[in-house]
Amino acid sequence: MPHCSRRHLCLAALGAALPWRAWAAFNFWTSEYTATRSELQAMIAKQFPISQRYAEIVLVALSDPQLGLNAAANRAAITARVSITSPLLRAGRVDGTIALSSALRYDAVARALRLEQPKADRLELQGVSGNDAERLQQIGGLVAQELLQGQVLRTFTAEELSFGSKTYEIGDITVLADGIKVELK
């Protein structure tokens, strides 16, 4: 029987304990887990379209989210199509694009990485100008922020946060250029 080092045995145990996908993103040596941009994009896309009424006369809907990551500011960004519908609008509906940025927080009960205090950075509406555009931008931005507050970016399974008899907790959250890294402690 060939001689196996302690390191090889640890790696074999790690491979048996974690699903391949989790193992690929889990850095056992540094106690970090990195969720890739494409993984996060796929998870958030499943949660859209979303909508909410404002003052019972305006409906704001968001669709087609695109995830951006701002490593310098340690914030996630979401750009989405926005649709504002109201009987008070001449056309009945106005479409556009909204860009929001958000801090991140970990929800231990749900084992989820969530958006925290999203801020509407830009809202562009087509076919509306002047005071109407300004009011709709304020309403649309406010409702979009409410819609995305607490939105889940990534949910962890109990298996992903366990190794052997040790259960990890999420510590620091760091936004990278191509993913989000969480400290496992």
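Residues numbered from 1 in each chain as written. Predicted model: local features only at pLDDT ≥ 70, side-chain atom pairs only at ≥ 80, totals over all residues. Heavy atoms only, no water.

**Student:** Any details on the packing of aromatic side chains? Residues and values, ideally.
**Tutor:** Counted under the stated rule, the structure contains 2 aromatic pairs. Taking 5.3 Å as the distance between ring centres and 80° as the angle between the ring planes, the aromatic pair formed by Tyr33 and Phe156 counts as edge-to-face. Of this pair, Tyr33 sits in strand 2 (residues 32–36) while Phe156 is found in the loop between strand 8 (152–155) and strand 9 (162–163), placing the two residues 123 residues apart along the sequence. Look at Phe156 and you get buried, because its relative accessible area is 3%. Summarising the aromatic geometry, the rings of Tyr106 and Phe156 are spaced 6.3 Å apart at their centres and angled 65° between planes, so their arrangement reads as edge-to-face. Of this pair, Tyr106 sits in strand 6 (residues 93–107) while Phe156 sits in the loop between strand 8 and strand 9, and the two are 50 residues apart along the sequence. (Phe/Tyr/Trp six-rings, centres within 6.5 Å; stacked < 30°, edge-to-face > 60°. Helix = DSSP H or I, 4+ residues; strand = E, 2+ residues; numbered from the N terminus. Buried < 20%, exposed > 50% of the residue type's maximum accessible area, 1.4 Å probe, protein only.)

**Student:** How would you sum up the pairing of strand 5 (residues 75–85)? Please name residues and give values.
**Tutor:** Looking at chain direction, strand 4 (residues 58–70) and strand 5 are connected through 10 bridges and run antiparallel. Within strand 5, the residue paired with Ser63 across the bridge is Arg81. With antiparallel pairing between neighbouring strands as the criterion, strand 4 and strand 5 make up a hairpin whose turn holds 4 residues, including Asn74 at a positive phi of roughly 55°. (Pairing = 2+ DSSP bridges.)

**Student:** Can you explain the layout of surface pockets? Please cite residues and give values.
**Tutor:** There is about 330 Å³ of room inside the largest pocket. Of the residues assigned to the lining of the largest pocket, the class counts are 9 nonpolar, 3 polar and 3 charged. (1 Å grid on protein atoms, 1.4 Å probe; cavity = no way out; pocket = protein on both sides within 12 Å on 5 of 7 lines; lining within 4 Å. Points joined across faces, edges and corners; volume = space filled by probe spheres on them. Nonpolar A, V, L, I, M, F, W, Y, C, P; charged D, E, K, R; others polar.)

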